[in-house]
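Residues per chain, in single letters:
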Amino acid sequence: MKYKITKRLIGYFSVVLLLFSIIIGVLFQILFTRHTAEINQQELKKRAVSIADTLSQFHQEQGGRGNGNGMGMGNGYGAYLRFIDDIAMSKVWLVDEKAQRIEIGHKGSSLSYDDIPDGAEELIQQVFQGNTLCSQKFGQVPGFPCVTAGVPVRDENGDIFAALLLHSPVEGMEQAQKDGTFILVCCIFAALIFATGLSVILARHFIRPLQVMAGVTGQIIKGSYVHTGIIQNDEIGMLANNIDELSERLSESETERKELDKMRQDFMSNISHELRTPVTVIKGSLEVLCQGLVTGEEEKEYLNQMFADISQLQRLVNDLLELSRLQNVSFKIEKTEINLTDVLNESARSIRQLASKKNIIINLNGNGQPFPFYGDYGRIRQMFTIVLDNAVKFSPNNGHIDIKMQSGDNKCVIVISDYGKGIPAGDIPHIFERFYKEQSGQNRNGSGLGLSIAKQIAWRHNTVIECESEYGKGTSFIFTFPGGL
């Protein structure tokens, strides 16, 4: 497994470079051969044209005199032909179309038309048609590339009286190809060495962050939520960033799980305590009654106490069931179009009877404007009642409670304020937790679940509930309802 990616990268780089080199080598051979041939053709054609012009001048100076075949053979003309091979640096054939003869340098020797190589007839015919061209279709020695240039020779009237053929092998082409191939192979070999080194460097560059990420994921599996520390603006950087985010979320989930476990343990401890006390009292009372130790009025007191304890247990169980249902996201609440003003007025009316026992006045202040809202009428009324009940419970006798309602800016704000002893600043963040309750005689019958239920009802209606309190002066609960249906 070690260095596996490195070996793969080296192999991929080498294969790609080798294939690329083979393709380049083949194209190089083709293009080099073609280019060399074109250069030789152009050079040979240039010499052929120059010689043909010289022959035309000799012919014009002698006024077309010569043998009967139309080729002047004066002293200058004959001398020129005797040394024409040396002048042209190639084999030279001079073809007379009428006599069908070939005159060639080589000290005045001549060949018959039938002695020319196969394929030359077509070239000669094209030259006598006035074309200047080159051909590689025939050569004197098989296996050696040759080029033949054909140029028309004209008389003083511009008529073609002969065809000049320069025949030359492409000397040095094969050696140049060998030299080029050798250089190409050396370059390929050097490129392979360079590609191998480069692939090793790149592989290490890619593997190092992968190894770091592998180590981090291993630690995450073991429960250590660390970060990779890799910052790159590429796909590896994106992967590292995702791993870091995953580690962070797993760390948060682990923290939340521990908090939930603690809350679960605290919940079980609290509920056990809340249930144990009334059950113990009821059991003791039943034992006394069963043993016949009390009679008459005293027996009635025991029964009343048992009834009160059972009522407390019933409230606790009902609150637990209510909170459990509200916390369950699959539990549906029935939402309809309601008027928050009507809900608040009804909650205030229902609590006034309880407030009258302590001679507490409830003041409801608002603009009286209806505020349409989409929610569960009964649940929202329950939320207001819970807060109002607490306000009455913690308000002194002959006190008052203020309820303010203000709507506008696409929201509705309701504030319920009492003027009791208030809540210590350190306890305010915990008042919405389950079983939190102020330990005083005023709250001895509370279950500690009321504000938790109110919080869940507010959350189900996208409503914000906040608490502001100044110890010794009073407490205010602020509800912010979003506008729109």
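Right, let's walk through the structure included here. Keep in mind that what you see is a predicted model, and the values were worked out from it rather than measured. (Residues numbered from 1 in each chain as written. Predicted model: local features only at pLDDT ≥ 70, side-chain atom pairs only at ≥ 80, totals over all residues. Heavy atoms only, no water.)

## Some thoughts on the overall build of the protein chain
Okay, so step 1: Secondary structure assignment for the protein chain yields ten helices and 13 strands.
Okay, so step 2: Across the protein chain, the fraction of contacts at a sequence separation of at least 24, relative to all contacts at a separation of at least 6, is 65%. (Helix = DSSP H or I, 4+ residues; strand = E, 2+ residues; numbered from the N terminus. Contact = heavy atoms within 4.5 Å.)

## Details of the side chain of Ser469
Okay, so step 1: Tracing the chain through its elements places Ser469 in strand β12 (residues 464–470).
Okay, so step 2: Here Ile423 takes part through its backbone nitrogen, which lies 2.7 Å from a polar atom of the side chain of Ser469.
Okay, so step 3: In this structure the side chain of Ser469 is engaged in a polar contact, spanning 2.9 Å, whose partner is the side chain of Thr475.
Okay, so step 4: Apart from residues no more than four positions distant in its own chain, Ser469 is found in contact with Gly422, Ile423, Ile428, Gly474 and Thr475. (Polar contact = N/O pair within 3.5 Å; in protein donor to acceptor, adjacent residues only side chain to side chain.)

## Re the nonpolar core
Okay, so step 1: Met383, Phe384, Ile414, Ile416, Phe477, Phe479 and Phe481 are the most contacted members of the largest nonpolar core, which has 43 residues in total.
Okay, so step 2: Those elements giving two or more residues to this core turn out to be α7 (296–327), α8 (340–356), α9 (377–394), β10 (400–408), β11 (411–418), α10 (450–460), β12 and β13 (474–482).
Okay, so step 3: Of all the elements, α9 adds the most residues to this core, at eight residues.
Okay, so step 4: Setting aside residues up to four positions removed in sequence, Phe384 forms contacts with Val343, Leu344, Ser347, Ile414, Ile416, Phe479 and Phe481.
Okay, so step 5: Membership of the second largest hydrophobic core comes to 15 residues, among which are Leu44, Leu94, Ala149 and Val151. (Core = buried A, V, L, I, M, F, W, Y, C linked by side-chain atoms within 4.5 Å. Buried < 20%, exposed > 50% of the residue type's maximum accessible area, 1.4 Å probe, protein only.)

## Regarding the packing of aromatic side chains
Okay, so step 1: Using the criterion set out here, one finds five aromatic pairs in the structure.
Okay, so step 2: Arranged with centres 6.5 Å apart and planes meeting at 25°, the rings of Phe479 and Phe481 form a pair that is stacked. Accessibility assignment for this pair places Phe479 and Phe481 in one class, buried.
Okay, so step 3: Grouped by ring-pair contacts, the aromatic residues Phe373, Phe384, Phe479 and Phe481 constitute a single cluster.
Okay, so step 4: Over the ring of Phe432 we find Lys455, and its NZ or CZ is 5.0 Å from the ring centre. (Phe/Tyr/Trp six-rings, centres within 6.5 Å; stacked < 30°, edge-to-face > 60°. Lys NZ or Arg CZ within 6 Å of the ring centre and 35° of its normal.)

## A look at a nonpolar patch on the surface
Okay, so step 1: A cluster of nonpolar side chains, Val15, Leu18, Leu19, Ile22, Val26 and Ile30, forms an exposed patch at the surface whose accessible area comes to about 530 Å².
Okay, so step 2: Relative to the helices and strands, Leu19 is located in helix α1 (residues 4–61).
Okay, so step 3: Residue Leu19 is classed as exposed on the basis of its relative accessible area of 51%. (Patch = residues over 30% accessible without salt bridge, like charges linked within 9 Å, V, L, I, M, F, W, Y side chains within 5 Å. Areas by Shrake-Rupley, 256 points an atom, 1.4 Å probe, with all protein chains shown as cover. Salt bridge = Lys/Arg side-chain N within 4 Å of Asp/Glu carboxyl O.)

## Some remarks on unusual backbone geometry
Okay, so step 1: In this structure, Asn398 is a non-glycine residue whose phi angle is positive, near 65°.
Okay, so step 2: Note on placement: Asn398 falls in the loop between α9 and β10.
Okay, so step 3: Positive phi outside glycine occurs at Asn462, with the angle close to 55°.
Okay, so step 4: Inspection of the secondary structure puts Asn462 in the loop between α10 and β12.

## A word on the pattern of salt bridges
Okay, so step 1: Counted under the stated rule, the structure contains six salt bridges.
Okay, so step 2: Notably, a salt bridge pairs Glu43 with Arg47, separated by 4.0 Å at the nearest N-O pair. On the criterion of helical spacing, the pair formed by Glu43 and Arg47 is a turn pair, its members being four residues apart in helix α1.
Okay, so step 3: Residue Glu43 is classed as partly exposed on the basis of its relative accessible area, which comes to 39%.
Okay, so step 4: Note that Arg381 is salt-bridged to Glu346, the shortest N-O span being 3.2 Å. In this pair, Arg381 is assigned in helix α9 and Glu346 in helix α8, connecting sequence segments 35 residues apart.
Okay, so step 5: Arg381 sits in the partly exposed class, given a relative accessible area of 26%.
Okay, so step 6: Glu346 sits in the partly exposed class, given a relative accessible area of 27%.

## Describing the sheet that holds β13
Okay, so step 1: Pairing in this open sheet of five strands is mixed, and the strands run β8-β10-β11-β13-β12 from one edge to the other. Edge positions in the sheet fall to β8 (361–366) and β12, since each of these pairs with one other strand and no more. Sheet twist, expressed as the average angle between the axes of neighbouring strands with direction ignored, equals 15°.
Okay, so step 2: One ladder, built from eight bridges, connects β11 with β13; its direction is antiparallel. Within the sheet, the bridge partner assigned to Cys412 lies in β13 and is Phe481.
Okay, so step 3: Sitting on the sheet, α9 is in contact with β10, β11 and β13, with an inclination near 170° to β13. (Pairing = 2+ DSSP bridges. Axes fitted to C-alpha atoms, helices over the stretch in contact; angles between N-to-C directions.)

## Comments concerning the pairing of strand β5 (residues 146–154)
If a strand is regular, its side chains alternate between the two faces of the sheet.
Okay, so step 1: The element β5 is largely enclosed, with a buried count of eight among its nine residues.
Okay, so step 2: Here strand β4 (residues 133–135) runs beside β5; their pairing, made up of three bridges, is antiparallel. Residue pairing for β5: Cys134 is matched across the bridge by Ala149.
Okay, so step 3: Examined bridge by bridge, β5 and strand β6 (residues 160–169) share nine bridges and lie antiparallel to one another. Bridge pairing in β6 links Pro152 to Ala163.
Okay, so step 4: Two successive antiparallel strands, β5 and β6, enclose a turn made up of five residues, where Gly158 displays a positive phi of approximately 85°.

Just geometry here; none of it tells us what the structure is for.
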